[in-house]
Amino acid sequence: MKTLLILGLLLLSVTVQGKVYERCELAKTLKRLGMDGFKGVSLATWVCVAKWESSYNTRATHYNPNDKSTDYGILQINSHYWCNDGKTPGAVNTCNVSCKDLMHKDISKSVACAKKVVSEQGIGAWVAWRNHCRNKDLAHYTHGCGV
Ligand SMILES: *[C@@H]1O[C@H](CO)[C@@H](O)[C@H](O)[C@H]1NC(C)=O
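Model, not experiment: these values are computed from the prediction. (Residues numbered from 1 in each chain as written. Predicted model: local features only at pLDDT ≥ 70, side-chain atom pairs only at ≥ 80, totals over all residues. Heavy atoms only, no water.)

## Concerning the overall build of the protein
Reasoning step 1: Secondary structure summary: the protein contains five helices and three strands in total.
Reasoning step 2: From first element to last, N terminus to C terminus, the protein shows the α and β order α-α-α-β-β-β-α-α.
Reasoning step 3: Residues classed as buried in the protein amount to 39% of the 147 residues present.
Reasoning step 4: Considering only intrachain contacts with a sequence separation of at least 6, the fraction spanning at least 24 residues in the protein is 53%.
Reasoning step 5: Accessible surface for the protein amounts to roughly 8,300 Å². Of this, 54% is attributable to carbon and sulfur atoms. (Helix = DSSP H or I, 4+ residues; strand = E, 2+ residues; numbered from the N terminus. Buried < 20%, exposed > 50% of the residue type's maximum accessible area, 1.4 Å probe, protein only. Contact = heavy atoms within 4.5 Å. Areas by Shrake-Rupley, 256 points an atom, 1.4 Å probe, with all protein chains shown as cover.)

Written as structure tokens, this is what we have:
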């Protein structure tokens, strides 16, 4: 029984491959992926957005009953416009990516899609930015990270 449970947990971790990032680890990863200053948005701003959208958890999801869409991953990318989850009415999949891939511990697909979002709509596309990051002192989001 115990063996089965452990096997099940192993299988789950292999299937889902999600991850909760540590603040500086995320800052470094975002920097490596070219987000520092992308479209004029500072690294600290991106870390702030990730913190308030997902608590740095790549497996975070949020369902929006109004349009039956879901937000996925560390930057909560929406299935109505940006990714395909196979169940959102009227979805367009602008990033040409499976929403599931936006929940992976490797955040490169999320970041690539976020670049498209910010290029087309600006950082104001993220509600968390408007509520928690805009006009705030954001230095502590990258403080001590060596980035
Ligand atoms: C979308 O992604 C698929 C699979 O990665 C690829 O084969 C296809 O060429 C892409 N389509 C566009 C329009 O980029």
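Past the structure itself, the notes keep going.
## Looking at the sheet that holds strand E3 (residues 77-78)
Reasoning step 1: Read across the sheet, three strands follow the order E1-E2-E3 without closing on themselves; strand pairing throughout is antiparallel. Either end of the sheet is taken by a strand with one partner, and the two such strands are strand E1 (61-64) and E3.
Reasoning step 2: Pairing analysis gives four bridges linking E1 to strand E2 (residues 69-72), with the strands arranged antiparallel. When the bridges of E2 are listed, His-62 appears paired with Asp-71. (Pairing = 2+ DSSP bridges.)

## Considering the packing of aromatic side chains
How two aromatic rings sit relative to each other is given by the distance of their centres and the angle of their planes.
Reasoning step 1: Considering all chains together, one arrives at two aromatic pairs under this definition.
Reasoning step 2: Between Trp-46 and Trp-126 the ring centres are 5.4 Å apart and the planes differ by 85 degrees, which places this aromatic pair in the edge-to-face class. You can see Trp-46 sitting in helix H3 (residues 43-54) and its partner Trp-126 sitting in the loop between helix H4 (108-121) and helix H5 (127-133), a full 80 residues away along the chain.
Reasoning step 3: Since its relative accessible area comes to 0%, Trp-46 is described here as buried.
Reasoning step 4: Consider the rings of Tyr-81 and Trp-82, whose centres lie 6.5 Å apart with planes at 55 degrees: the pair is tilted.
Reasoning step 5: Judged by relative accessible area, which is 43%, Tyr-81 ranks as partly exposed. (Phe/Tyr/Trp six-rings, centres within 6.5 Å; stacked < 30°, edge-to-face > 60°.)

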